[in-house]
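Remarks on the overall topology
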Amino acid sequence: PRSTLFPYTTLFRSNAVVIALSAALTQALEGSLSSVIDEHEITELPYSGRDVYTLLVMQPGVTSDSATGHGLGLAVDGQRVAGTNFLLDGVDNNDALLTGPSASVSADAVQEYRMTTNNFSAEFGRATAFIANVITRTGSNAWHGSAYEFFNHDRLNANSFSDNFYGEPRTPFRFNQFGGTAGGPIRRDRLFFFASFERTYSSSQSFDQPSNVPGFQSPVYVPSAGFVASLAPGSLAKQMLGMFPPPVGQVVPGNPYVDQLTIHYPLLQHNTLFSGRVDYGAPGGKNRFTLRYAFSQSTAPDFVDSVYPNLNANLVVRSQNAAFNYTRQMLGGVNELKLGWNRSRVSFDRPDAQIPTLTSADGVSLPGSAAAYGYYNQDGTGELVDNFSVLRGRHSLVFGFDGRWDSNNSLVSDGAAGQYVFNSFQDFGADNPSELDITVDRVTGRPIPLSGYARSYRQLEWAGFVQDNWKITRRFTVNMGVRYEYFGVPQRTNGDPDYNLFYGSGSTLQQRLA
């Protein structure tokens, strides 16, 4: 008869049996170095913003300057930050732009968090530094729910050392994080669900400008109401200042056409997290299905600030991750089919995109779009993974396939609307710019339409592996594995391929290159 290396426990009552391998025995068979952050640690330990990824800095060999704030920029054992692979329920959850996790989930929705830092199994690839896999919670036959609120206020805190040193008051600060979870049976012993929701509001502000703090002593100047009244009717400057009236400040002594402002820039952050999961165990215990969706969005209002109203730009970071898992006992082993979908998008738009950027050389702030360009970057990944595990005597065999379809759509409309430079704000009032900077086509010399700034790329990747964990004796195990990965080549799908070289005229190659 086939030898059994692992004990198993039942997850569901009735006849629905799911094999759960003992962690200690599994680690004894695998030579990888990994750490597990379980539900108890996630619930009890304090960490910044309740972001579970910040707990990685507690692991041996992990260093980062920014991880305690955002869970990004992790370096393990001196490896590059980009050599990481973040998984959510075993499927891709990487942000290709920031080299960190894409979709986040509430800490109350996480069952465990495993981080592998060395000697990965051949089942896992695409990483040289570490692999981090977050497992979300499932429902059960018992109903469970929670609600919470985390609150912080500047009046609860002492002033900082630097503020006291410069004679500044406490910086205003508000932090509210609230949410809840719910889980239970849809059909007892068969169908379960678990869902979580979380929202965070954080607000603060910069130093007043001008202030006592070095580096923040530059005054802010704008045209005064007297200057607006003096402009010729119908001038472009008067129209602009009528659409976007400057804020009222104190008139600069000796110059009634300029106001000086004391301002502070708001620092706002709004985060939303949602996740939902459904699990089904078929009668007989041979089949199990899981469907999970996660959504996260972070919004920074006034990301690009302007002293003029309605000319600020908001930054939006939105991520979505979905997974389908089908596990079946067959051919004396277990086959696991996983379908994953991951998308992350970072964007900010130029308000009133048809209005150019206006700059005055004398330092007076002019109306016009504060953002020099509009921007978005959207990465998407579709993934198909199929693994088959089987025990043969003292051999624990795993082999499988991983196929990925990657896409990238981006736009940077740098200089699309142009930038007008004026020698002084009086020249602005006279509609007399000294310089126009605008992006043009390097071949035709004409301004580029907005569609010309967009780029779309597609890329196909795949990998196959075989892993054999051979338990030779009770005290000696050999881990053998091989994995082949093909990363493909990005191919542009909108317009002609990008070139850095354009041929000239001529009948021969030498003439066209001359």
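As the structure is a computational prediction, the values presented were derived from the model and not from experiment.

**Description of the overall build of the protein**
When helices and strands are counted, the protein shows eight helices and 27 strands. By residue count, 41% of the 514 residues in the protein fall in the buried class. Of all intrachain contacts in the protein linking residues separated by at least 6 positions in sequence, the fraction that spans at least 24 positions is 66%. When the accessible surface of the protein is summed, it comes to about 27,300 Å², and 56% of that surface belongs to carbon and sulfur atoms.

**Let's talk about the sheet that holds strand 23 (residues 419-422)**
Spatial ordering of the open sheet is given by 20-23-24, a layout of three strands whose pairing is mixed. Both edges of this open sheet fall to strand 20 (357-360) and strand 24 (435-437), since each of them pairs with a single strand only. Direction aside, the axes of adjacent strands within the sheet are offset by 20 degrees on average. Of the pairings in the sheet, the one linking strand 23 to strand 24 comprises three bridges and is antiparallel in character. Note that in strand 24 the partner of Gln419 across the bridge is Asp437.

**Topic: empty space enclosed by the protein**
Summary: where empty space remains is shown by rolling a probe the size of a single water molecule over the atoms. According to the stated counting rule, one finds three cavities of 30 Å³ or more in the structure shown. Roughly 180 Å³ of internal volume is contained in the largest cavity. Residue assignment for the lining of the largest cavity shows that the elements contributing at least two residues are strand 4 (84-88), strand 21 (375-392) and strand 22 (395-412). For the lining of the largest cavity, the per-class residue count stands at five nonpolar, four polar and eight charged. In this structure, the second largest cavity occupies an estimated 50 Å³ of space. Lining the second largest cavity we find Arg126, Asp402, Arg404, Glu461, Trp462, Ala463, Arg483, Glu485, Tyr486 and Phe487. Where the lining of the second largest cavity is concerned, the elements lending two or more residues are strand 22, strand 25 (454-471) and strand 26 (477-486).

**Quick word on the sheet that holds strand 15 (residues 255-261)**
Pairing within the open sheet is antiparallel, and its three strands lie in the order 13-15-14. This sheet does not close on itself; its edge strands, each paired only once, are strand 13 (220-223) and strand 14 (250-252). Along the sheet, successive strands turn relative to each other by an average axial angle of 50 degrees, direction set aside. Of the pairings in the sheet, the one linking strand 14 to strand 15 comprises three bridges and is antiparallel in character. Counterpart to Val252 in the pairing with strand 15 is Asn255.

**Thoughts on the pairing of strand 17 (residues 287-304)**
Strand direction decides the pairing type here: strand 16 (residues 266-281) and strand 17, joined by twelve bridges, are antiparallel. Looking across to strand 17, one finds that Val278 is bridged to Leu291.

**Comments concerning the pattern of salt bridges**
Enumeration according to the criterion identifies 13 salt bridges in this entry. Note that Glu461 is salt-bridged to Arg126, the shortest N-O span being 2.4 Å. Of the two residues, Glu461 sits in strand 25 while Arg126 sits in the loop between strand 8 (110-118) and strand 9 (130-136), which places them 335 residues apart along the sequence. For Arg404, the salt bridge identified is with Glu383, shortest N-O distance 4.0 Å. Linking Arg404 in strand 22 with Glu383 in strand 21, this pair joins segments that are 21 residues apart in sequence. For the residue pair Arg404 and Glu383, the accessibility class agrees, reading buried in each case. Through salt bridges with shared partners, a single ionic network connects Asp92, Arg126, Glu383, Arg404, Asp406 and Glu461.

**Things to note about the packing of aromatic side chains**
Aromatic ring pairs: the centre-centre distance and the angle between the two ring planes describe each pair. Using the criterion set out here, one finds 17 aromatic pairs in the structure. Geometrically, the ring pair formed by Phe348 and Tyr373 is tilted, given 5.8 Å between the ring centres and 50 degrees between the ring planes. One end of the pair, Phe348, is in strand 19 (residues 333-348); the other, Tyr373, is in the loop between strand 20 and strand 21, with 25 residues separating them in the sequence. Between Trp462 and Tyr486, the ring centres sit 6.3 Å apart and the planes meet at 35 degrees, which makes this aromatic pair tilted. Of the two residues, Trp462 is situated in strand 25 and Tyr486 in strand 26; the sequence distance between them amounts to 24 residues. Take Trp462: its relative accessible area is 37%, and that puts it in the partly exposed class. Following the ring pairs from residue to residue traces out a cluster consisting of Tyr280, Phe289, Phe324 and Tyr326.

**Quick notes on unusual backbone geometry**
With a phi close to 55 degrees, Leu331 is a non-glycine residue in the positive phi region. Turning to its location among the elements, Leu331 is positioned in the loop between strand 18 (313-330) and strand 19. What makes Leu331 exposed here is its relative accessible area of 68%. Phi at Asp431 takes a positive value of approximately 55 degrees, unusual for a residue other than glycine. By the element assignment, Asp431 lies in the loop between helix 7 (425-429) and strand 24. What makes Asp431 partly exposed here is its relative accessible area of 33%.

**Looking at helix 6 (residues 236-243)**
Those residues of helix 6 not exposed but buried are Ala237, Met240 and Leu241. All buried residues of helix 6 project into a common sector of 95 degrees when viewed along the axis, lining one side. As for helix 6, its buried residues are in contact with helix 5 (225-230), strand 20 and helix 7.

**A short note on the confidence of the model for the protein**
Per-residue pLDDT for the protein has a mean of 84; in total, 88% of the residues score no lower than 70. Element-level pLDDT for the protein is lowest in helix 1 (residues 23-29), with a mean of 42, against a maximum mean of 95 in strand 19. Contacts of residues 67-71 to residues separated by more than four positions or lying in other chains number 14 contacts, the stretch itself having pLDDT below 50. With pLDDT under 50 throughout, residues 211-217 is counted as low confidence; its partners more than four residues away or in other chains account for 16 contacts.

Conventions we followed
Residues numbered from 1 in each chain as written. Predicted model: local features only at pLDDT ≥ 70, side-chain atom pairs only at ≥ 80, totals over all residues. Heavy atoms only, no water. Helix = DSSP H or I, 4+ residues; strand = E, 2+ residues; numbered from the N terminus. Buried < 20%, exposed > 50% of the residue type's maximum accessible area, 1.4 Å probe, protein only. Contact = heavy atoms within 4.5 Å. Areas by Shrake-Rupley, 256 points an atom, 1.4 Å probe, with all protein chains shown as cover. Pairing = 2+ DSSP bridges. Axes fitted to C-alpha atoms, helices over the stretch in contact; angles between N-to-C directions. 1 Å grid on protein atoms, 1.4 Å probe; cavity = no way out; pocket = protein on both sides within 12 Å on 5 of 7 lines; lining within 4 Å. Points joined across faces, edges and corners; volume = space filled by probe spheres on them. Nonpolar A, V, L, I, M, F, W, Y, C, P; charged D, E, K, R; others polar. Salt bridge = Lys/Arg side-chain N within 4 Å of Asp/Glu carboxyl O. Phe/Tyr/Trp six-rings, centres within 6.5 Å; stacked < 30°, edge-to-face > 60°. Arc of directions from axis to C-beta. pLDDT = per-residue confidence, 0-100.

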